[in-house]
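Residue-level structure breakdown
Residues per chain are reported as follows:
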Amino acid sequence: MSSVSLDSVSLAYPGGQLGLADVDLRIGDGEFVALVGPSGSGKTTLLRTVAGFVSPTTGTVSIGDAEVASPNRSVEPERRGLGMVFQQHAVWPHWNVGRNIAYPLQRAGVPRAERRRRVAEALDLVGLPGTERRDPATLSGGQRQRVAIARAIIARPRVLLLDEALSALDEPLRDRLRLELRALTDSLGLTVLHVTHDRSEALALADRVVVLDGGRVQQVGAPTDLLDRPATPFVARFLSDAAIVRGVLAPGRFRAHGLPLEIPLDRIASADPRTRPRSGEEAELAIQPEHIRVIPDAAGPATVESSLFGRSGDELIVRWSGRTLRSRMPGARCSAGTRVRVEVERAVLFGPEQEPGAATAPPQEPLPEHRASTAPRQPLGTVA
Ligand SMILES: Nc1ncnc2c1ncn2[C@@H]1O[C@H](COP(=O)(O)OP(=O)(O)OP(=O)(O)O)[C@@H](O)[C@H]1O
């Protein structure tokens, strides 16, 4: 039995904007699933559709065995057996911690003594024992999010919906709460649907990650599958900052267009062996920054344009034949201005049909991780 299912769900907002397009998704009992995608890709819409705040235009939503939404019928959010945590305004400031957490039980008519016992139990679970009488204003941001989590789980929901629930917190608190959240949801056997703009968080926390774009599911898979076998250049670019290089398959090698780069086929995996292009055919390669080796060489054809310090190795932006490439290889240390040569250790091959239109219209959105960095603003991995 699936805990949450969406079958052919589409949703158009009253103004005509497309929120979701033909989404099929099955989330198993006790599974932790993260939803990621660029801004406007439909993450919040999908979560709100499961929650019951919006209704699908076509298709159905089921929780457990019960169909909770279809175009002509919608079960109210509070009758869907869900817990929810949002990024902000999650705790009512005029109520003390205990009353905040007890609210769902109070609405359900649970007697006072039972409410007290369960509030204490929930506070224990989120690591805030004995704080029932505290004013939320006296809590830190992380403690307030723990209160919100306690309130979300107190009614023993079947499914927990998290909308950027950790995003407002600073590192390293966010990191710690991530670990605690995963341990808590595992111990309670909760099914979790977690919306986040943070790709690393999604990959770190989830059993499976759903990548959305334009309201459509682009790929669903375990984190390692998505990184090793992205279904489309978009997924490789979005999740891994992969450079997308177009070229042609020659005997035994891939030859790039507009870049003096040839890669032997034994370093290239196929995204989908059924559609692997043949020799002489046009193709696209996705190359992750972790697989681009930059070697200092005074006679090299490329230059390190910028270098950001990273714990395990520098993050380098390399200018080569009019293109920029990103390299993030463990152990690499290289300063800006260094002449280098570039080697590709691994790449994933796509036939042209795996992303129609990609060859002529690469997405222009900067990668989220680098919005605030000193790296160049143009998207990496697209031919200049
Ligand atoms: N209330 C609304 N009325 C009209 N259009 C909406 C509404 N909410 C969302 N949309 C549109 O639906 C699409 C999906 O939006 P949604 O908020 O689900 O994306 P998202 O992936 O959560 O984005 P973000 O990461 O920016 O929060 C967008 O085109 C958006 O403009």
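Computed from a predicted model, the values in this text were never measured in an experiment.

Another point: the site of the ligand. Near the ligand you find 13 residues, and of these Tyr13, Ser39, Lys43, Thr44 and Thr45 are the closest. Among the residues forming the shell around the ligand, the class breakdown is one nonpolar, 11 polar and one charged.

Core analysis: the biggest nonpolar cluster contains 99 residues, and Leu161 and Leu193 have the highest contact counts within it. Broken down by element, this core gets its largest block of residues, six residues, from helix α4 (residues 141–153). Counting contributing residues per domain, this core is built from domain 1 (2–225) and domain 2 (230–370), each supplying no fewer than three. Dropping the residues within four chain positions of it, leucine 161 is found in contact with Leu47, Val50, Ala51, Leu82, Met84 and Leu193.

With that settled, the discussion passes to unusual backbone geometry. The phi torsion at serine 8 lies on the positive side, around 50 degrees, for a residue other than glycine. With respect to the helices and strands, the residue serine 8 is situated in strand β1 (residues 2–12).

By the criterion of burial, strand β3 (residues 32–36) is predominantly enclosed, with five of the five residues buried. Neither face of β3 is open: one carries Phe32, Ala34 and Val36, the other Val33 and Leu35, and all of them are buried. Note that β3 and strand β10 (residues 208–213) share four bridges and pair parallel. What sits directly across from valine 36, in β10, is valine 211.

Contact geometry for α4 and helix α5 (residues 173–188): axes closest at 11 Å, N-to-C directions at 15 degrees. Relative to α5, the element α4 is oriented roughly parallel. In this structure, α4 crosses over α5, and the sense of that crossing is right-handed. Along the contact surface, α4 presents Gly142, Gln145, Ile149 and Ile153, while α5 presents Leu173, Leu177, Leu181 and Leu188. Looking at the contact of α4 with α5 residue by residue, the class counts come to six nonpolar, two polar and no charged.

Parsing the chain into structural domains produces domain 1 (2–225) and domain 2 (230–370). Just the C-alpha atoms count here: the centres of domain 1 and domain 2 sit 36 Å apart. Listed as interface residues are seven residues of domain 1 and, on the opposing side, nine residues of domain 2. Each residue belonging to the side of domain 1 that touches domain 2 can be placed in one class, and the counts come to two nonpolar, three polar and two charged.

It is worth spelling out the environment of glycine 322 at this point. Following the sequence through the fold, glycine 322 ends up in the loop between β19 (315–320) and β20 (323–327). Taking the C-alpha atoms as reference points, glycine 322 and glycine 258, separated by 64 residues in sequence, lie 8.5 Å from one another.

The subject of this paragraph is the pairing of β20. Burial of β20 is extensive: five of the five residues sit out of reach of the surface. With five bridges connecting them, β19 and β20 associate as antiparallel partners. Pairing of valine 318 across the sheet is with leucine 325, part of β20. Linking β19 to β20, which pair antiparallel, is a turn of two residues; within it serine 321 sits at a positive phi near 50 degrees.

Taken across its eight residues, helix α8 (residues 233–240) has eight buried, putting it largely inside the fold. Turning to α8, its buried residues number three or more, namely Pro233, Phe234, Val235, Ala236, Arg237, Phe238, Leu239 and Ser240. In the stretch just after α8, aspartate 241 is the one whose phi turns positive, near 55 degrees.

Here the focus is the sheet that holds strand β16 (residues 282–287). Taken together, the six strands give an open sheet; going across it, the order is β14-β13-β12-β16-β22-β15, and neighbouring strands pair in mixed fashion. Single-partner strands in this sheet number two, and they are β14 (262–264) and β15 (268–270). Sheet twist, expressed as the average angle between the axes of neighbouring strands with direction ignored, equals 35 degrees. Sheet analysis places strand β12 (residues 243–250) next to β16, joined by six bridges and oriented antiparallel. Paired with alanine 243 across the two strands is isoleucine 287, which belongs to β16.

What counts, and at which threshold
Residues numbered from 1 in each chain as written. Predicted model: local features only at pLDDT ≥ 70, side-chain atom pairs only at ≥ 80, totals over all residues. Near = placed C-beta within 6 Å. Nonpolar A, V, L, I, M, F, W, Y, C, P; charged D, E, K, R; others polar. Core = buried A, V, L, I, M, F, W, Y, C linked by C-beta atoms within 7 Å. Buried ≥ 20, exposed ≤ 12 C-beta atoms within 10 Å, placed from the backbone. Helix = DSSP H or I, 4+ residues; strand = E, 2+ residues; numbered from the N terminus. Domains from an automatic or database assignment. Contact = placed C-beta atoms within 7 Å. Pairing = 2+ DSSP bridges. Axes fitted to C-alpha atoms, helices over the stretch in contact; angles between N-to-C directions. Parallel < 35°, antiparallel > 145°, perpendicular 65-115°, else oblique. Left-handed = near helix turned anticlockwise from the far one by under 90°.

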